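What follows is the residue order along each chain.
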Amino acid sequence: MGNFYIVCSLGEIDFHDEKIFVISSQTPLAKTILGKKKGDIFEMNNQKFTIEEVI
């Protein structure tokens, strides 16, 4: 799915040739993943995703 940073919403940015998604804590995705830890699974749009890392 990608790397996400939850701060003020900036959208998709490129950083050292890597796509980063900077999203607001008010977005549905942020509300879904906030509080999750490595290995947790969440569902979004009928797809399941696993949290690979939390920094």
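Shown above is the structure to which this text applies.
Residues numbered from 1 in each chain as written. Predicted model: local features only at pLDDT ≥ 70, side-chain atom pairs only at ≥ 80, totals over all residues. Heavy atoms only, no water.

Concerning the pattern of salt bridges
Inspection of the entire model under this criterion finds two salt bridges. Between lysine 19 and glutamate 12 there is a salt bridge whose closest N-O contact spans 3.6 Å. The shortest N-O distance in the salt bridge between lysine 37 and aspartate 40 comes to 3.5 Å. For lysine 37, a relative accessible area of 54% corresponds to the exposed category. (Salt bridge = Lys/Arg side-chain N within 4 Å of Asp/Glu carboxyl O. Buried < 20%, exposed > 50% of the residue type's maximum accessible area, 1.4 Å probe, protein only.)

Regarding the nonpolar core
Counting eight residues, the largest nonpolar core consists of Ile23, Leu29, Ala30, Ile33, Phe42, Met44, Phe49 and Ile51. Where this core is concerned, the elements lending two or more residues are helix 1 (28–33) and strand 4 (41–44). Examining the composition of this core, we find that three residues originate from one element, helix 1, more than from any other. (Core = buried A, V, L, I, M, F, W, Y, C linked by side-chain atoms within 4.5 Å. Helix = DSSP H or I, 4+ residues; strand = E, 2+ residues; numbered from the N terminus.)

A closer look at the pairing of strand 4
As a general feature of sheets, a regular strand has side chains that alternate between the two faces. Because side chains alternate across strand 4, one face comprises the buried residues Phe42 and Met44, and the other comprises Ile41 and Glu43, none of which is buried. Sheet analysis places strand 4 next to strand 5 (residues 47–50), joined by four bridges and oriented antiparallel. Note on strand 5: the bridge partner recorded for isoleucine 41 is threonine 50. Two successive antiparallel strands, strand 4 and strand 5, enclose a turn made up of two residues, where asparagine 45 displays a positive phi of approximately 55°. (Pairing = 2+ DSSP bridges.)

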